[in-house]
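Observations on the model geometry
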Amino acid sequence: MGASGDNRPPFLGLGGKNPAELFGALPTPCYILDEAALCRNGEILSGVAQRTDCKILLAQKAFSNYDLYPALAPFLAGTEASGLYEARLGSEKMPGKEVHVFCGAYREDKFEELLRYADHIVFNSPRQLEKFGPSAKKAGKSVGLRVNPECSTQEGHEIYDPCAPGSRLGTTRAQWEEGMTPRLLELLDGLHFHTLCEQDSDALETTLNAVSQRFGDILPHMKWLNFGGGHHITRPDYDIARLENCIRSARQKWNVEVYLEPGEACALNAGYLAARVLDVFRNGNTHIAVLDASAACHMPDVLEMPYRPPLYGAGESGELPYIFRLGGPTCLAGDVIGDYSFDTPLREGDLLLFGDMAIYTTCKNNTFNGMALPDIFVLCSDGQLQCLRTFGYEDFKCRLGSG
């Protein structure tokens, strides 16, 4: 390591131990999933569910490492999926739990198969509801429609704002008036909205007011209301009391069952990405360290959000004496993780440990430039390390051709 210790939330699972002592023998880059941290998150979510009588689902788009589903299952009502494969995964790997599905548009040739796995199916538009709703209802599924309350509460994350003008996600009230009919309304069991991204419960409160203004006359006729995801419930400073008031208010006002489907909150600060420094050099006034881990390939949200992941023992640029720009080994000029500062200069071979790497990593990574996928390990609750999966050349090759 090129810096001192760290006791921030992303690294509390290390128990004060130096990452080099814990993970120094592991091949890099590699992901390490923290079982105890997942359970702590589950306990927080379960507490909310018990106190408010709501149901909380794992949004698999953020975390799909099914070997860890048994750690989360006792605390959750089930899984949320964005399509057929996630629905099947949730059904198979969290058996006996609910499986909810939302997709922007369903494929006709896959819908019958989807009905085998899903319990709740949410449609994006009245047109999709008209096309697939009757068969879903006939199969005994609970049918919902995603609505767009046209209330943006995000700043700086436009790519993740479903309420932006011209959004393709969710039905606005104008679209409802244009496309809904009494026959379609009879198919509906619930409404769904998803407008948040890594936000606190004040944004949910604002959104709920907008939902009430635009769809409050519809909700008394529904059985359930799904608040979607984006709730950072397990973040240390999250206002849980306000969230619980929102849930109780909705239940009382509309007599509906309430669902939440967080992804990040389930696996927040519950994983790491270990990497090593391959080269160190200087370009003008910028000190650069090239790692064996890539932002573009192994932590895509760094470029998409954009997002600056926490790094064990490092500070913000300028906070500590030695500043380095960390980048990956690919040919993409923008494959840059960020500028970090350290107590001592980085050297070739140093082990670096990024935190909060359980979410949107293993489920989004890629092999651009022929980069190898990082192996996946679990830091078990008893402190033992277990290898879940290793990757090699065939994992890169098999996606591109016949064999």
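My aim in this report is to walk through the structure given alongside it, one point at a time. (Residues numbered from 1 in each chain as written. Predicted model: local features only at pLDDT ≥ 70, side-chain atom pairs only at ≥ 80, totals over all residues. Heavy atoms only, no water.)

Concerning the packing of helix α4 (residues 84-93) against helix α5 (residues 108-117)
The angle between the axes and the distance between the axes are what describe a pair of packed helices. Note the threshold: What counts as an axis is a line fitted to C-alpha atoms, over the stretch in contact for a helix, and the angles between N-to-C directions run from 0 to 180 degrees. Strands here mean DSSP runs of E at least two residues long; helices mean DSSP runs of H or I at least four residues long; both are numbered from the N terminus. Angle categories are assigned with fixed cut-offs, so that under 35 degrees is roughly parallel, over 145 is roughly antiparallel, 65 to 115 is roughly perpendicular, and the rest are oblique. By definition, turning the near helix anticlockwise from the far helix through less than a right angle yields a left-handed crossing, and turning it clockwise yields a right-handed one. The contact criterion used is simple: two residues touch if any of their non-hydrogen atoms lie within 4.5 Å. Polarity classes work like this: nonpolar for Ala, Val, Leu, Ile, Met, Phe, Trp, Tyr, Cys and Pro, charged for Asp, Glu, Lys and Arg, and polar for all others, with Gly in that last group.
One way to put it is that α4 packs onto α5 with a least axis distance of 9 Å and a crossing angle of 20°. As summarised for this structure, α4 and α5 are arranged roughly parallel, according to the angle between their axes. Judged by the sense of rotation from one axis to the other, the crossing of α4 with α5 is left-handed. Each of Leu84, Ala87, Arg88 and Ser91 in α4 lies in contact with α5, whose residues at this interface are Lys110, Glu113, Leu114 and Tyr117. Considered class by class, the residues forming the contact of α4 with α5 number 4 nonpolar, 1 polar and 3 charged.

Regarding the packing of α5 against helix α6 (residues 126-138)
In the contact formed by α5 and α6, the axes pass within 11 Å of each other and the chain directions differ by 25°. Classified by the angle between their axes, α5 and α6 sit roughly parallel to one another. For the element pair α5 and α6, the recorded crossing hand is right-handed. Across the interface between the two elements, Glu108, Phe111, Glu112 and Leu115 from α5 touch Lys131, Phe132, Ser135 and Ala136 from α6. Grouping the amino acids of the contact of α5 with α6 by side-chain chemistry returns 4 nonpolar, 1 polar and 3 charged.

What to know about the pairing of strand β3 (residues 78-81)
Using the following cut-off: A pair of strands is labelled paired if DSSP reports no fewer than 2 bridges between them. The path from the first strand over the helix to the second decides the hand: if it runs clockwise while the strands point away from the viewer, the crossover is right-handed.
Note: strand β2 (residues 55-59) against β3, 3 bridges, orientation parallel. Across the sheet, Leu58 pairs through a bridge with Thr79, a residue of β3. Bridge analysis of β3 against strand β4 (residues 98-102) gives 4 bridges, and the strand direction is parallel. Paired with Thr79 across the two strands is Val99, which belongs to β4. Taking the sense of rotation as the criterion, the β-α-β connection linking β3, α4 and β4 turns out right-handed.

Quick notes on α4
Cut-off, in case you're wondering: For each residue, the accessible area found with a 1.4 Å probe, counting protein chains only, is set against the maximum for its type, and the residue is called buried under 20%, exposed over 50%, and partly exposed in between.
Residues Leu84, Glu86, Ala87, Leu89 and Gly90 constitute the buried set of α4. Those residues of α4 hidden inside the fold are in contact with α3 (69-72), β3, β4 and α5.

Points about the environment of Tyr322
With respect to the helices and strands, Tyr322 occurs in strand β12 (residues 322-327). Since its relative accessible area comes to 38%, Tyr322 is described here as partly exposed. Through-space distance from the C-alpha of Tyr322 to that of His287 is 8.7 Å; in sequence the pair is 35 residues apart. Non-local contacts of Tyr322, meaning those with residues more than four positions away in its chain, are made with Tyr340, Ser341, Phe342, Asp343, Thr344 and Pro345.

Observations concerning unusual backbone geometry
Here the residue pair Thr28 and Pro29 is connected by a cis peptide bond, since its omega of -5° sits within 30 degrees of zero. Looking at the element boundaries, Pro29 is found in the loop between α1 (19-23) and β1 (30-34). Going from Met305 to Pro306, the amide bond is cis rather than trans, its omega being -5°. On the secondary structure map, Pro306 appears in the loop between α13 (301-304) and β12. For Asp53, which is not a glycine, the phi torsion comes out positive at approximately 60°. Structurally, Asp53 can be placed in the loop between α2 (35-52) and β2.

What about the sheet that holds β4?
Read around the closed barrel, the 8 strands follow the order β2-β3-β4-β5-β6-β7-β8-β9; overall the barrel is parallel. Across the sheet, the mean angle from the axis of one strand to that of its neighbour is 25°, orientation sign disregarded. The sheet contacts of α6 involve β5 (120-123) and β6 (142-146), and relative to β5 the element is tilted by about 160°. Set on the sheet, helix α10 (residues 240-254) makes contact with β8 (224-226) and β9 (257-260); between it and β9 the angle comes to about 145°.

Describing the side chain of Asp335
Turning to its location among the elements, Asp335 is positioned in the loop between β12 and β13 (336-342). Those residues in contact with Asp335 that lie beyond four places of it in its chain are Ser294, Ala295, Ala296, Gly327, Gly328, Pro329 and Thr330.

Looking at the pairing of strand β16 (residues 385-389)
Looking at chain direction, strand β15 (residues 375-379) and β16 are connected through 4 bridges and run antiparallel. Among the inter-strand pairings, Leu379 is bridged to a residue of β16, identified as Leu385. Following β15, the chain reverses through 5 residues before pairing antiparallel with β16; Gly383 in that reversal takes a positive phi of roughly 90°.

Focus on the pattern of salt bridges
Stated precisely, the cut-off is as follows: Think of a salt bridge as a Lys or Arg side-chain nitrogen and an Asp or Glu carboxyl oxygen that are within 4 Å of each other.
Tallying each qualifying case throughout the model produces 24 salt bridges. For Glu316, the salt bridge goes to Arg308, with nearest N and O atoms at 3.5 Å. Of the residues examined, Glu316 reaches a relative accessible area of 47% and is grouped as partly exposed. We classify Arg308 as partly exposed; its relative accessible area is 32%. A salt bridge links Arg325 to Asp339; the nearest nitrogen and oxygen atoms lie 2.7 Å apart. Of this pair, Arg325 sits in strand β12 while Asp339 sits in strand β13; the two residues are 14 residues apart in sequence, bridging distant segments of the chain. A single network of salt bridges, built from pairs that share partners, joins Arg51, Glu244 and Arg248.

Details of the nonpolar core
Definition in use: Among buried residues, those of type Ala, Val, Leu, Ile, Met, Phe, Trp, Tyr and Cys that are joined through side-chain atoms within 4.5 Å constitute a nonpolar core.
Membership of the largest hydrophobic core comes to 98 residues, with the highest contact counts inside it found for Phe123, Leu191, Phe227, Leu326 and Phe354. Residues contacting Leu191, with those up to four places away along its chain left out, are Leu145, Val147, Trp176, Phe215, Ile218, Leu219, Met222, Trp224, Leu225 and Asn226. The next biggest cluster of nonpolar side chains, apart from the first, holds 13 residues, and it includes Phe11, Leu14, Leu26 and Ile32.

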